[in-house]
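Results of the structural survey
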Amino acid sequence: MKNICIVAPTVEHLIYTITRAIASDDIRVHVLTDPKNSVSYRGHAFYYDRIENVNNTFIIHELASIRWDWMYFHIMPQLRQLDLRALASKAQNVGILSSREKSSYLKTIWHELKEIFNYFPIVWRSKRILFSEGYYGFDVYSLFAFRQPTGIDVHSNFLTNEALNSKMFSFDWSPQVDRKYKLNFIGNRNPSERTKINKLVKASLEENEQFKEALVWIEYGNEPDKPRGVTPQDFIYYLEESDFTLCPPGYSQVTHRVMEALIKGSIPILCENDLPLYDVELEDGVNCIAVRENSWDVAIETALRLEFEKVKKIRENILAMKNTFLSEKAFSTRLQIK
C-alpha cells in the first residue's frame with residue numbers, strides 16, 4: 001500500500017479531483033489542510049466535505065506518524081506559514097501541484113524564481129510537478145523536475161451523485177444520429193474575459209439567422225437572487241443533444257465543460273493554446289474545434305458550417321477516446337501514473 005500526502009492549507013476542485021482519482025485499494029491518501037470552518041473561502045468547506053467522502057482518504061491537520069511514499073505540496077501563500085522542512089522530511093519523494101496561471105515567458109520565469117526562494121526546502125527536492133494551467137517547454141523547473149499537465153475531470157456533481165454519474169458516463173450516444181441543437185453555452189458569463197468572448201460569439205450568431213432556432217444559450221451572473229443555469233440532468237441532456245459546446249475559459253484556464261462535452265459526444269470549441277492542458281490528445285478538426293488568435297467568431301462560423309459527414313467523423317474520433325481518456329477509470333489510471 002502506497003501512502004501519499006497532499007499538503008494544501010485550502011482545498012478546492014484541483015485537490016478534490018486529484019484525491020478522488022488516485023485514492024484506491026492500493027493508494028492511501030492523507031490531505032493535510034486547515035479545519036473546515038477556519039477558512040473564509042466558501043469552496044474550502046464544500047470540497048472538504050466531498051474529500052471526506054472519498055474512500056481511503058483521510059483529512060488531517062497535523063503531522064501523523066506515517067512515512068509517506070510521496071508528499072505533494074499545493075503551492076499557495078499559506079504554505080509559507082508551515083514548517084516545510086519538517087513536512088518534507090516525512091516523505092521519501094516530494095512533488096509540487098501548481099495552479100499558477102501561465103503568463104508571459106519572462107513573468108513565468110520570475111514567478112518560478114520567487115517560488116524557489118519562498119519554498120526552498122521543498123522545491124529543490126521535488127521530482128515531479130503537475131501544472132493545471134500550463135507550462136513552457138523550457139523553464140526553471142525543467143532543470144530538475146519532471147513536469148506534466150494535471151488534466152481535469154468532470155465537475156464533482158457528476159462524480160458524487162450516483163444517478164448523475166451513471167448518466168454522464170453512460171456513453172449511450174451514437175456518432176451517426178442527428179442532434180437537435182447545433183451549439184450550446186450553459187454557464188456563468190463571468191469573469192470578464194469570458195464575458196467578452198460570449199459577446200463576440202453572440203454578435204456573430206445574430207448574423208446567422210438560419211441557426212438561431214438550433215442554439216441553446218443559457219448564461220447567468222453571480223447575483224445570488226437570480227437563477228443559475230439549468231439542473232445537472234438538463235445540462236447533460238443539452239450536451240448529448242448538441243453538435244458543439246462552447247468552452248471559453250472561466251476563473252481557471254481549464255474548464256470541466258471540455259471533458260463533459262467530449263464524454264457526451266458534443267464537439268468542444270476551445271482556445272488553441274489550451275489544448276495541451278487537458279492531456280487527452282486534443283487536435284483541431286479531429287476531436288475538437290480550436291480557436292486561433294482569439295477569433296472565436298471565426299471558429300463558431302467554421303463549426304456551424306461543417307458538413308454532417310465531418311461532424312459524424314469527429315464524433316467517431318471522440319468515441320474512440322473512451323477507454324484511453326474519457327472514462328472515469330481512464331482518468332484515474334492516468335493520474336495515478338502521473
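What counts, and at which threshold
Residues numbered from 1 in each chain as written. Predicted model: local features only at pLDDT ≥ 70, side-chain atom pairs only at ≥ 80, totals over all residues. Heavy atoms only, no water. Helix = DSSP H or I, 4+ residues; strand = E, 2+ residues; numbered from the N terminus. Rg over C-alpha atoms; globule rule 2.2 N^0.38 Å. Contact = heavy atoms within 4.5 Å. Areas by Shrake-Rupley, 256 points an atom, 1.4 Å probe, with all protein chains shown as cover. Lys, Arg positive; Asp, Glu negative; His and termini not counted. Charge placed at Lys NZ, Arg CZ, Asp CG, Glu CD. Phe/Tyr/Trp six-rings, centres within 6.5 Å; stacked < 30°, edge-to-face > 60°. Buried < 20%, exposed > 50% of the residue type's maximum accessible area, 1.4 Å probe, protein only. Patch = residues over 30% accessible without salt bridge, like charges linked within 9 Å, V, L, I, M, F, W, Y side chains within 5 Å. Salt bridge = Lys/Arg side-chain N within 4 Å of Asp/Glu carboxyl O. Core = buried A, V, L, I, M, F, W, Y, C linked by side-chain atoms within 4.5 Å. Pairing = 2+ DSSP bridges. Axes fitted to C-alpha atoms, helices over the stretch in contact; angles between N-to-C directions.

1. A word on the overall build of the protein
Assigned secondary structure in the protein consists of 14 helices and 12 strands. A compact globule built from 338 residues would reach a C-alpha radius of gyration of about 20 Å, and the protein, at 21 Å, matches this within 12%. Counting only C-alpha atoms and orienting by the principal axes, one finds that the protein spans roughly 65 × 45 × 40 Å. Sequence separation of at least 24 residues holds for 69% of the intrachain contacts in the protein that already meet a minimum separation of 6. Carbon and sulfur atoms make up 50% of the accessible area of the protein, which amounts to about 16200 Å² in all. Where the 42 positive side-chain charges of the protein centre and where its 44 negative ones centre are 4 Å apart.

2. Digging into the packing of aromatic side chains
On inspection of all chains with the given rule, the structure shows 12 aromatic pairs. When the centroid spacing of 4.9 Å and the interplanar angle of 85° are considered together, the rings of Phe-46 and Tyr-47 count as edge-to-face. For Phe-46, a relative accessible area of 34% puts it in the partly exposed group. Ring centres of Phe-131 and Tyr-135 lie 5.1 Å apart, and the angle between their planes is 40°; on these two criteria the pair is classed as tilted. The class of Phe-131 is buried, set by a relative accessible area of 2%.

3. Focus: a positive patch on the surface
A contiguous patch of positive charge on the surface is contributed by Arg-67, Lys-90, Arg-125 and Lys-127. Mapping Arg-125 onto the fold places it in the loop between helix 5 (120–123) and strand 6 (126–131).

4. A look at the environment of Ala-330
Along the chain, Ala-330 falls in helix 14 (residues 328–337). Looking at Ala-330, the relative accessible area reads 6%, which means it is buried. Sequence separation between Ala-330 and Glu-162 is 168 residues; the distance between their C-alpha atoms is 18 Å. With residues near it in sequence (within four places) discarded, Ala-330 still touches Lys-322, Asn-323, Thr-324 and Phe-325.

5. With respect to the nonpolar core
Among the nonpolar cores identified, the biggest contains 80 residues, and Phe-244, Ile-269, Tyr-278, Leu-282 and Leu-326 are the most heavily contacted of them. Per-element accounting of this core gives the leading share, 6 residues, to helix 1 (residues 13–22). Ignoring anything within four residues of it in the chain, the contact list for Tyr-278 reads Gly-151, Ile-152, Gln-253, Val-254, Thr-255, Val-258, Met-259 and Leu-270.

6. Topic: the pairing of strand 3 (residues 57–60)
Pairing of strand 2 (residues 27–32) with strand 3, which is carried by 4 bridges, proceeds in the parallel orientation. Pairing of His-30 across the sheet is with Phe-58, part of strand 3.

7. What about the side chain of Asn-165?
Tracing the backbone through its elements, the reader meets Asn-165 in helix 7 (residues 162–168). Of the residues examined, Asn-165 reaches a relative accessible area of 16% and is grouped as buried.

8. Thoughts on the sheet that holds strand 6
An order of 3-2-1-4-5-6-7 is seen for the 7 strands of this open sheet, with the pairing classed as parallel. Each having just a single partner strand, strand 3 and strand 7 (146–149) make up the two edges of the open sheet. Taking the axes of each pair of neighbouring strands and ignoring which way they run, one obtains an average angle of 20° across the sheet.

9. Section: the pattern of salt bridges
Counted by the stated rule, this structure contains 18 salt bridges. Of the charged contacts, one joins Arg-100 and Glu-115 as a salt bridge, the two residues approaching to 3.1 Å between their closest N and O atoms. On the criterion of sequence distance, the pair formed by Arg-100 in the loop between strand 5 (91–98) and helix 4 (105–118) and Glu-115 in helix 4 is long-range, its members being 15 residues apart. When the shortest N-O distance is used, the salt bridge between Arg-334 and Asp-279 registers 2.9 Å. Taken together, the positions of Arg-334 in helix 14 and Asp-279 in the loop between strand 11 (267–271) and strand 12 (289–291) put the pair 55 residues apart, joining distant regions of the chain. Members of the salt-bridge network, linked through shared partners, are Lys-167, Asp-172, Glu-240 and Lys-264.

10. Brief notes about the sheet that holds strand 12
Consider a sheet: its strands pair through backbone hydrogen bonds, and that pairing is either parallel or antiparallel. An order of 9-8-10-11-12 is seen for the 5 strands of this open sheet, with the pairing classed as parallel. The open sheet has two edge strands with one neighbour each: strand 9 (215–220) and strand 12. The average angle at which neighbouring strand axes cross in this sheet is 20°, direction not considered. Pairing of strand 8 (residues 181–188) with strand 9 involves 6 bridges; the strand directions are parallel. Looking across to strand 9, one finds that Gly-187 is bridged to Glu-219. Sitting on the sheet, helix 8 (residues 192–206) is in contact with strand 8, strand 9 and strand 10 (242–246), with an inclination near 150° to strand 9.

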